[in-house]
Amino acid sequence: MAHIGVLRAFQEVGIVPSAISGTSAGALVGAFIAAGVDPDELGRLVISDWRLHLTRWRVLRGDRLTQRRIREILNAELPVHTFEELRIPLFVTATDLQQGGQRIFKSGELIPPLLASCAVPLVFPAMVIDGVPYVDGGLSNNLPIEPFELRRNETIAVYVNPLPKYDPHGTWRATVDRVFHLSFREMVARSAKGCRAYIEPQELDRFGMFDLRYVGEIERIGYDHTKALLAQH
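Residues numbered from 1 in each chain as written. Predicted model: local features only at pLDDT ≥ 70, side-chain atom pairs only at ≥ 80, totals over all residues. Heavy atoms only, no water.

Let us now look at the pairing of strand β3 (residues 102–105). Relative to β3, strand β2 (residues 90–96) runs antiparallel, the two sharing four bridges. For A94, the partnering residue across the bridge sits in β3 and is R103. In textbook terms, the turn of a hairpin is the stretch between consecutive antiparallel strands, and for β2 and β3 this stretch comprises five residues, one of which, G100, has a positive phi near 85 degrees. (Pairing = 2+ DSSP bridges. Helix = DSSP H or I, 4+ residues; strand = E, 2+ residues; numbered from the N terminus.)

Next comes the structure, spelled out in structure tokens:
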């Protein structure tokens, strides 16, 4: 939702992506935008059809989710089903669970790489593509700049997982959430170096990775932060 807010703010001043590289939820958002779906329309889809509150409670109960529901939504709502049909180039990052390392998908079937890219370990099972199990791309690089390595000075990097303040008395869920955030920080800093702009709304630190009760507020934070940044530049 924060990614959608950022994109909506840019669209209002006539700035739209000429290419997108993303991972995890960013890859899902990127696929819809690359297929020509308007950010406002995508926001409504996420809130109404994805039933995020149900997903949240199942996660908190410790159930291991399947990706059947996400696949159904992508099949029904995504206007295209191959990379080649997208209106703008899209690069989707996933992590090879068998050998380790990052893989960037950019051609062929679109939905399997998207499911692989957002397969958060311990929550979703790995997605097998051509015999290889893949999981969340954030484990290898949560800000996958590689496709734009030679165009960093034209690239706008968006990162929606700011590190929250450390609380020594936090819950185990808060600790797990912090561990995920810490595992991303160094790679993200390297990826963001040299980019034309780096967008990381700090207000998002109030929300955990699976805290989906406030999707409207999360979208607004992404939007407001980007509007303020645009006003400064």
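We now examine unusual backbone geometry. Although it is not a glycine, S24 sits at a positive phi angle of roughly 55 degrees. Take S24: it is sitting in the loop between β1 (20–23) and α2 (25–34). According to the relative accessible area criterion, S24 is buried, its value standing at 16%. Even without being glycine, D130 reaches a positive phi, approximately 55 degrees. Mapping D130 onto the fold places it in the loop between β4 (127–129) and β5 (132–136). Classification of D130 as exposed rests on a relative accessible area of 71%. (Buried < 20%, exposed > 50% of the residue type's maximum accessible area, 1.4 Å probe, protein only.)

Formed by 55 residues in total, the largest nonpolar core has its most connected members in L42, L74, L78, L86, L90, L110 and L114. Element by element, the count of residues in this core is highest for α2, at seven residues. Every residue in contact with L90, bar those within four places of it in the chain, is listed here: I20, G30, A31, A34, F83, F105, K106 and L110. (Core = buried A, V, L, I, M, F, W, Y, C linked by side-chain atoms within 4.5 Å. Contact = heavy atoms within 4.5 Å.)

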